[in-house]
Amino acid sequence: MSTITTAARDVTESSSRGDSRAQISATFDAMIKSLETGSASAISDHVMPGIHLAIRNYGTFDGVDAAVTALAGGPEEVDAVRLRVTNSYIAVSGQRAQQSAYLTGVYANEQPDGSLDPYLFGGHVVNTFSHNGQGWKVSALRFELDWHNGNPDLAAPWNAGTPATGRRHATDTPTIVSELDSPWRVVPEPDEAGSAAEQVAETYIRYAWALDQADFDLLATTFTDDAKADMSPFGPMDGRREIVGRLKSLRIGQPYMQHAAMNFRPQVDGDRASMEIFRLVPYVPDRATLDAPIFGARYESRLRREDGVWKFEWLHYIPGWIRGTDTAPPGR
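To start, this report covers the structure provided alongside it. Just so we're clear, the structure is a prediction, and the values are computed from it rather than from any experiment. (Residues numbered from 1 in each chain as written. Predicted model: local features only at pLDDT ≥ 70, side-chain atom pairs only at ≥ 80, totals over all residues. Heavy atoms only, no water.)

Let us look at the overall build of the chain. The helix and strand tally for the chain stands at seven helices and 12 strands. The burial tally for the chain puts 54% of its 332 residues in the buried class. Within the chain, residue pairs in contact and separated by at least 24 positions form 64% of the contacts whose partners lie at least 6 positions apart. As presented, the chain carries roughly 14200 Å² of accessible surface, and 49% of it is formed by carbon and sulfur atoms. (Helix = DSSP H or I, 4+ residues; strand = E, 2+ residues; numbered from the N terminus. Buried < 20%, exposed > 50% of the residue type's maximum accessible area, 1.4 Å probe, protein only. Contact = heavy atoms within 4.5 Å. Areas by Shrake-Rupley, 256 points an atom, 1.4 Å probe, with all protein chains shown as cover.)

Right, dumping it as structure tokens:
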């Protein structure tokens, strides 16, 4: 069984985050903004000279010039590009750090009738950061495409060989292996600990990553032994064994999963906490909804801290579309 310690949680915009994690988060955000605005050349400011880039739907590249050229060679100019980072978790140890996150995106052209012709995708990323004495820079980036749909012409010249269902050939080697690459494995005892609220929010991030990446050892660390849950398609479940067992059976039968979420709302009282979570579910946008906070489900949860680790003692999944105009600013 994995040992999970109280760890750094880069999940909110709270000023209590450690300086290193805040710098790392800002660096990755700047990289994604460069891609979103079509200025990929600016990425060179944020990477180490020997960066290793592995993109499931594109290839592997080594060195700054090769990485920048690869990233700059993405889709041709389109009318709208939106890239969103969620589920970010960063663990720091000395001069090295590991980050996991989800990346979802929309490329779209406006049609004569005003509608959008979109290409949508989602995937997960693992970044390795190194500190070079001047700041944190990316030394390795791995991206795995989980799903995509819409107009594939907008994704050229990327090779979106992953079917829209996410199913891959059994002989393919994954770009990311959670048991080897996730922050919880690479840095099991990080230097920086976030606030209790950040640690509570990170529990969902750990849960979602473990379930989506089929890392069932890690998944088992997210529930108390006496946990209860109510989640489709199962209904009520009682005890960690039943919850993890049923989730494992569900995940094994699916080609992919992505439980991207935002707007974590933790409320902490000593060693107990509650939290509401809003899940992002893909939808076909129009101009009115392209930037709108729209969610496909939400969670209600209660958590308990055991030996310094927050775990769910109650988790309730509530499907249904929510227009989040009154939700809190997005959490990370």
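Pairing in this open sheet of six strands is mixed, and the strands run β2-β1-β6-β5-β4-β3 from one edge to the other. Edge positions in the open sheet fall to β2 (59–62) and β3 (80–93), since each of these has one partner strand only. Shown here is a sheet whose adjacent strand axes are inclined to one another by a mean of 15 degrees, direction ignored. Looking at chain direction, strand β4 (residues 96–110) and strand β5 (residues 116–131) are connected through 15 bridges and run antiparallel. Note on β5: the bridge partner recorded for Thr104 is Gly122. (Pairing = 2+ DSSP bridges. Axes fitted to C-alpha atoms, helices over the stretch in contact; angles between N-to-C directions.)

Turning our eyes to something else, we now look at the pattern of salt bridges. The tally for this structure, following the rule as stated, stands at 20 salt bridges. Between Arg304 and Asp226 there is a salt bridge, with the nearest N and O atoms lying 3.0 Å from each other. Remark: Asp226 occurs in strand β7 (residues 223–231) and Arg304 occurs in strand β11 (residues 294–306); sequence separation between them is 78 residues. Exposure remark for Asp226: the relative accessible area of 45% places this residue in the partly exposed category. Notably, a salt bridge pairs Arg298 with Glu276, separated by 3.0 Å at the nearest N-O pair. Taken together, the residues Arg298 in strand β11 and Glu276 in strand β10 (residues 272–279) connect sequence positions 22 residues apart. Glu276 gets classed as partly exposed once you look at its relative accessible area, which sits at 23%. (Salt bridge = Lys/Arg side-chain N within 4 Å of Asp/Glu carboxyl O.)

If you look at the biggest cluster of nonpolar residues, it comprises 45 residues, and the most contacted ones within it are Tyr204, Tyr207, Leu219, Phe223, Met231 and Met275. Ranked by residue count, the leading element in this core is helix α5 (residues 196–212), at nine residues. Excluding anything up to four places from it in sequence, Met275 contacts Val200, Ala201, Tyr204, Phe264, Arg265, Pro266, Tyr299, Glu300, Ser301, Leu303 and Phe312. Core analysis: the next-biggest nonpolar cluster, separate from the first, contains 35 residues, Ile51, Val81, Leu83 and Ile90 among them. (Core = buried A, V, L, I, M, F, W, Y, C linked by side-chain atoms within 4.5 Å.)

Turning our attention to the side chain of Glu192. Locating Glu192 in the fold gives a position in the loop between α4 (183–186) and α5. Among the polar contacts listed, one links the side chain of Glu192 to the side chain of Arg21, at a separation of 2.9 Å. (Polar contact = N/O pair within 3.5 Å; in protein donor to acceptor, adjacent residues only side chain to side chain.)

Omega for the peptide link from Ser232 to Pro233 comes to 5 degrees, which places this bond in the cis form. Tracing the chain through its elements places Pro233 in the loop between β7 and β8 (235–238). A positive phi is found at Asn87, a non-glycine position, where the angle reads about 55 degrees. Within the secondary structure layout, Asn87 lies in strand β3. Unlike most non-glycine residues, Ala214 shows phi in positive territory, near 55 degrees. For Ala214, the position within the fold is in the loop between α5 and α6 (216–219). Residue class for Ala214 comes out partly exposed when judged on its relative accessible area of 27%.

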